[in-house]
Each structure stands twice: as structure tokens, then as C-alpha cells.
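So the chains spell out like this:
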Amino acid sequence: AGEMGLEPLFQAWSYFRRRKFRQCSDLCSQLLERPYFALYFILIQAAWSLKTRALTEMVYVDEIDIDEEGIAEMILDENAIAQVARPGTSLKLPGTSQGGGPSPAVRPVTQSGRPITGFVRPSTQSGRPSTMEQAIKTPRTGLTARPITSASGRFGRLGTASMITNPDGPFINLSRLNLAKYAQKPKLAKALFEYIFHHENDIKNALDLAALATEHAQFKDWWWKVQIGKCYYRLGLYREAEKQFKSALKQQDMVDTILYLAKVYLRLDQPQTALNLFKQGLDRFPGEVTLICGIARIHEEMNDMSSAAEYYKDVLKQDNTHVEAIACIGSNHFYSDQPEIALRFYRRLLQMGVYNCQLFNNLGLCCFYAQQYDMTLSSFERALFLAENEAETADVWYNLGHVAVGIGDLNLAYQCFKLTLVNNNDYAEAYNNLAVLEMQKGHIEQARVLLQTASSLAPHIYEPHFNFAILSEKVGDLQRSYTAAQKSIEAFPGHVDTQQLLKQLKQHFAML
């Protein structure tokens, strides 16, 4: 045993437990290259299984947190329950929620109409557009809701992970595997399935293996049913995935399975069903943080901020270090005109060791609106120092521009908004604010160009449309003013100033 290298296997297992997957994989490869003897068949099997698991862990992404839809998946999805959903029951039109959420005048919204949340996660900025034109008319940035172009945005493409982790080619040639033979060996089959699903991203072969394995287990193994459901979900077969997850839940109550099933219902645009599922799950798993957090996220996506805040507070009762809950409650207080309370939550994050550009950015804004001016600029300076990319730097300069407007230094504001565009040329809000400053200087043409740019970059924001309508009305271009006002009222139906402007324009047209 010593000559054949039993110790290297334990060394590889030690590497695996310490998450040193590259060293573990290399050591297993050396074991597998040694001469094969029937006596050491179990050793070879163990090395093969361990290397498979190590390669999987190197590219593993938790399926529960992934929820990104491509344009094709959104537009060509035929799993519609009803063409026109009742108000408050659809994620497509969150503004129709009965919760009376904040308006776009108070809290910025994404292209899909959802309020900007306090915590960025997969699907936070996304929405389900009703037309292909709406899906592609906005540049794809972190600040917009344009969907990714294909479902493989977060998954490795077929074969990509193999090239990264195995320069000499794939570790397992899937086309030559006898899946039926492996399905009869449950321990090997589970490791092989995860390798095929996560590392190779070959959903068809993974589904075939899972189907054979669950048949071999006489349909009594809940784990394989969950894996089949995951495969169906990736393939867009949501109703089949729902059946598998429900069947798995009957055999074994698991929090993860509830979360997978809720993902299916959200993809089918059935948020109420998902909420009921989470609440049933809480009856069986009282105080489970992930389930309470799931309920809070759905309420937030439905623009029901008061209910979302209550559930996030329930999350903190169970886990007072939950970063997402603290950030979302803090952002809710900030947009509810309570910057002093928001400041307490963001300081709590700082005490917990969260130390990044976004946090200091938020601290700077809270300090400014809470009139703690001594800390405002130092927070923004720290945010600029910690910024990891140009998009984050642009956010800081944009907020500094707002501070400058607040203290009446319009020249400083102008410079800050210019620096915002230097770092991020697609920042629609900065174009809009620059246009307002240009209008105050009397530079009508520059303001008009800036507002047109802002409108094309972010058609879901009502301010550029409204400002362009006002500007056009002042110079006598009533037709353009009317068109822009119509776009503004479409983006924000409750905007009183736009309604009054449209009323005046209609009177002008009636007189003509």
C-alpha cells in the first residue's frame, strides 16, 4: 500500500478539505497515471471520484442564487399563465402592486419598473419586458434592466471549464461513457452528475444520467428528483421541473427544494404562488432565514416596500448579521426621508467588516442629508479610494455632484457631472443634470443634445423626457414637447407636472 501511494490519496483529500482544488486535482492525476492493478481498484475509484469532485468545486456556482434570463428566454417563453395578469399578481408590472410603493420621483427604478434595491444580487436589476424592442432598446450596463443575451451568461459555456481546469483536454470523455453502468453505482453517479452538470455544463447527458439513476433507485431517492428538476429548469421545461421538485418534497422536506420550486414559480411569473410556498415552508422550518428573505425579496420586487421591510426585520431577528437585510432596510429608510436611521444601519455594516466603495458612498449620502457635513466629504474620499472600476467611480462623482448642487456650488456640480461621464459614458442621470445646468446658463442647444442622449440611454427614466418637453415648449417646438411629455407620462403615470404640461399643450393644439 505504501508503494502504491495510499498516502498521496490522503494528501489529496486534505487539499480538498482545505479548498486547494488545483493541488488536489494534480495529485489525483498522478495517482491515476500509475500502473493499474486489480488489487488497487478501490484506490483508483477513490482518486477518480475525488478528482471529479475537485474539478466540480473549482467552477461550482450555487443554482439557488442564479436567476438570470436571456432575451430569448424572456421573449420566446410560452409558459404564460394569462396574457394580462391581475394587478398585484405579476412581476412584469410591479407598479400595479396594491402595496402603494414609492414613486419614481422618490426612488429610482430599473427599466422594468422595479425600485432600485439596497443589495445587488442575480436578477436584482432584471425584469421581464413585454416586447423585444423594450428588451434591447437600452444599453446593457449594471444600472439598467436589459437582460443578458443568452442563458449562459453566468454558466460556463460547453467545454470552457474543461479547457481552463485541464489544459490537455477534458478529464472525462462524456461521449464514451456508459451512463447506465455508472447509474448503478450511487456514490460514483452523484459525483459524476455534478461534474457533468457544473463543470461540463452538458445538461442533456446530466439529465440522462439522473433519469437512469432515479430509475435504478426505484424512484425513491429524492436527491435525484431534485437534480432532474434542476436539469429541466435549465432547459426551460418549468412545468416538468415543478413536478420533480414537488415529488422530491413529498419524499423529503428540504429547504433547498422549496427554494428551487419557488424559482420555478417566479420564472412562471406567479409571485403569489411562490409566497404561499415560502409561508408553507416556514410552517415546517420555523425561523429559516432563506425562506423569510425569499418572501422579502418578492415583496420588494412587487414594489410593496412596507411589507418587504417588515420581513427583512424578521430576518434580522433570526440572523442579526445578514448583510442583505441590513442594506435593504437602510436603503428603505433613506428613500423614506429618514437618513439618520439609514445611517445607523450602514454604520452597522461598517462595524461588521463590510468595507467597500458602495458602503462609503451610501454613508456619504446619509451624512449629507442628515446634515452631518463633517463626515460627508471624507466618506466620499474613502469611496473614491476604494472604487474598483470606473462604474463605481462614476457613482461617487455623481453623488458628489448632488452634494455640490445642495450647497449651491453649481460650478463644482458641473465639474463632478463631467467627471461622472469621463468614467462612465452611459450615465443617463449625469447627462440629464448637466442639461439642467446648461439650461440655467442659457445654452439651449447643448441642453437639448444632452437631454436627447439621456432619453436614448435610459428611456425608463421620466426626468429627461419631462425636461426635454419643458425645454421644447419654451422655444416654441410644441410637437416635440408633446411627444416627450407622452414618453414622460408613460414612464411615470402619476407625475403631476407632466399632466399639467400635456393639458396646456392640448389647449394650444385645440386653439390652432
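Residues numbered from 1 in each chain as written. Predicted model: local features only at pLDDT ≥ 70, side-chain atom pairs only at ≥ 80, totals over all residues. Heavy atoms only, no water.

**What about the overall build of the protein?**
Looking only at helices and strands, one finds 26 helices and zero strands in the protein. Residue burial in the protein is summarised as follows: out of 512 residues, 48% are buried. Within the protein, residue pairs in contact and separated by at least 24 positions form 56% of the contacts whose partners lie at least 6 positions apart. (Helix = DSSP H or I, 4+ residues; strand = E, 2+ residues; numbered from the N terminus. Buried < 20%, exposed > 50% of the residue type's maximum accessible area, 1.4 Å probe, protein only. Contact = heavy atoms within 4.5 Å.)

**Considerations on the environment of Gly88**
Tracing the sequence through the fold places Gly88 in the loop between helix 4 (71–75) and helix 5 (132–136). Accessibility expressed as a relative area gives 12% for Gly88, which makes it buried. Between the C-alpha atom of Gly88 and that of Met302, which follows or precedes it by 214 residues, the distance is 7.1 Å.

**A short note on the nonpolar core**
Counting residues in hydrophobic clusters, the biggest one holds 62 residues, and the most contacted among them are Phe245, Val264, Phe278, Leu291, Ile298, Tyr312 and Tyr346. Take this core: its biggest share by element is nine residues, from helix 12 (residues 255–267). Not counting residues up to four positions away in its chain, the partners in contact with Ile298 are Leu266, Pro271, Ala274, Leu275 and Phe278. Grouped together as the second largest cluster of nonpolar side chains are 31 residues, Ala435, Leu450, Leu457 and Leu471 included. (Core = buried A, V, L, I, M, F, W, Y, C linked by side-chain atoms within 4.5 Å.)

**A closer look at the pattern of salt bridges**
In the structure shown here, the tally under the stated rule is 10 salt bridges. For Asp253, the salt bridge identified is with Arg284, shortest N-O distance 2.6 Å. Placement of the pair is Asp253 in the loop between helix 11 (238–251) and helix 12 and Arg284 in helix 13 (residues 271–284), with a sequence separation of 31 residues. With relative accessibility at 29%, the residue Asp253 sits in the partly exposed group. Given a relative accessible area of 39%, Arg284 falls into the partly exposed group. Taking the shortest distance from any N to any O, the salt bridge between Arg480 and Asp477 comes out at 3.7 Å. Asp477 gets classed as partly exposed once you look at its relative accessible area, which sits at 24%. Members of the salt-bridge network, linked through shared partners, are Arg239, Glu242 and Lys246. (Salt bridge = Lys/Arg side-chain N within 4 Å of Asp/Glu carboxyl O.)

**Describing the packing of helix 11 against helix 12**
Axes are the key here: two packed helices are described by the angle between their axes and the distance separating the axes. Running from N to C, helix 11 and helix 12 point in directions that differ by 155°, and their axes come no closer than 9 Å. Between helix 11 and helix 12, the interaxial angle falls into the category roughly antiparallel. Viewed along their axes, helix 11 and helix 12 form a crossing whose handedness is left-handed. Contact residues: helix 11 offers Tyr238, Ala241, Glu242, Phe245, Lys246, Ala248 and Leu249, while helix 12 offers Thr257, Ile258, Tyr260, Leu261, Val264, Tyr265 and Arg267. (Axes fitted to C-alpha atoms, helices over the stretch in contact; angles between N-to-C directions. Parallel < 35°, antiparallel > 145°, perpendicular 65-115°, else oblique. Left-handed = near helix turned anticlockwise from the far one by under 90°.)

**Structural notes on helix 14 (residues 289–301)**
End to end, helix 14 covers 18 Å across 13 residues, agreeing with the expected 18 Å (1.5 Å per residue, within 8%). Taking burial as the measure, the 13 residues of helix 14 include 11 buried ones, the bulk of the element. Considering only its buried residues, helix 14 is in contact with helix 12, helix 13, helix 15 (305–318) and helix 16 (323–335). Of the residues one or two after helix 14, Asn303 is the one with positive phi, at around 70°. (Expected span 1.5 Å × (residues − 1).)

**Topic: the side chain of Glu392**
By the element assignment, Glu392 lies in helix 20 (residues 390–406). Within the local environment of Glu392, its side chain forms a polar contact with the side chain of Gln358, the two groups lying 3.0 Å apart. Leave out the neighbours within four places in its chain, and Glu392 touches Cys357, Gln358, Leu386 and Ala387. (Polar contact = N/O pair within 3.5 Å; in protein donor to acceptor, adjacent residues only side chain to side chain.)

**What about the environment of Leu363?**
Position of Leu363 among the secondary structure elements: in helix 18 (residues 357–369). As a C-alpha pair, Leu363 and Ser379 span 16 residues in sequence and 6.4 Å in three-dimensional space. Setting aside anything within four residues of it in sequence, one finds Leu363 in contact with Leu343, Tyr346, Arg347, Leu350 and Ser379.

**Let's talk about the packing of helix 8 (residues 186–200) against helix 10 (residues 222–234)**
One way to put it is that helix 8 packs onto helix 10 with a least axis distance of 12 Å and a crossing angle of 15°. If you check the angle between helix 8 and helix 10, you find them roughly parallel. Crossing handedness for the pair helix 8 and helix 10: left-handed. In this structure, helix 8 uses Ala189, Lys190, Phe193, Glu194, Phe197 and His198 to contact helix 10, whose residues at the interface are Trp223, Trp224, Gln227, Lys230, Cys231 and Arg234.

**Things to note about the environment of Gln252**
Mapped onto the secondary structure, Gln252 falls in the loop between helix 11 and helix 12. As for Gln252 and Asp221, which are separated by 31 residues in sequence, their C-alpha atoms are 9.0 Å apart.

**Some remarks on the state of the cysteines**
By the definition in use, this model includes zero disulfides. With no disulfide of its own, Cys28 lies closest to Cys24 among cysteine sulfurs, the gap being 4.3 Å. On the basis of relative accessible area, Cys28 is assigned to the buried category, the value being 0%. (Disulfide = S-S within 2.5 Å.)

**Examining the confidence of the model for the protein**
For any part of a model where pLDDT is low, the fine detail of the predicted coordinates should not be relied upon. A residue-level look at the protein finds 81% of positions with pLDDT of 70 or above and a mean pLDDT of 84. Within the protein, helix 21 (residues 410–423) carries the highest mean pLDDT (96), whereas helix 5 carries the lowest (55). Below pLDDT 50 for its whole length, residues 139–153 participates in 43 contacts with residues either more than four positions away or in separate chains. (pLDDT = per-residue confidence, 0-100.)

**Remarks on the packing of aromatic side chains**
Counted according to the given criterion, the structure contains 20 aromatic pairs. Where Phe193 meets Trp224, the ring centres are 5.7 Å apart and the plane angle is 85°; that geometry is what we call edge-to-face. You can see Phe193 sitting in helix 8 and its partner Trp224 sitting in helix 10, a full 31 residues away along the chain. According to the relative accessible area criterion, Trp224 is buried, its value standing at 2%. Ring pairs connect the aromatic residues Phe334, Tyr335, Phe368, Tyr369 and Tyr373, which therefore count as one cluster. Stacked on the ring of Phe360, the Lys or Arg Arg382 has its end atom at 5.7 Å from the ring centre. Sitting over the face of the ring of Tyr414, Lys441 holds its NZ or CZ atom 3.8 Å from the ring centroid. (Phe/Tyr/Trp six-rings, centres within 6.5 Å; stacked < 30°, edge-to-face > 60°. Lys NZ or Arg CZ within 6 Å of the ring centre and 35° of its normal.)

**Some details on the side chain of Lys225**
Mapped onto the elements, Lys225 comes out in helix 10. One buried charge, Lys225, has no salt-bridge partner; the nearest side chain with opposite charge is Asp221, at 8.8 Å. At a separation of 3.2 Å, a polar atom in the side chain of Lys225 contacts the main-chain carbonyl oxygen of Phe219. Excluding residues that lie within four positions of it along the chain, Lys225 makes contacts with Thr214, Phe219, Gln244, Ser247, Ala248 and Gln251. (Lys, Arg positive; Asp, Glu negative; His and termini not counted.)

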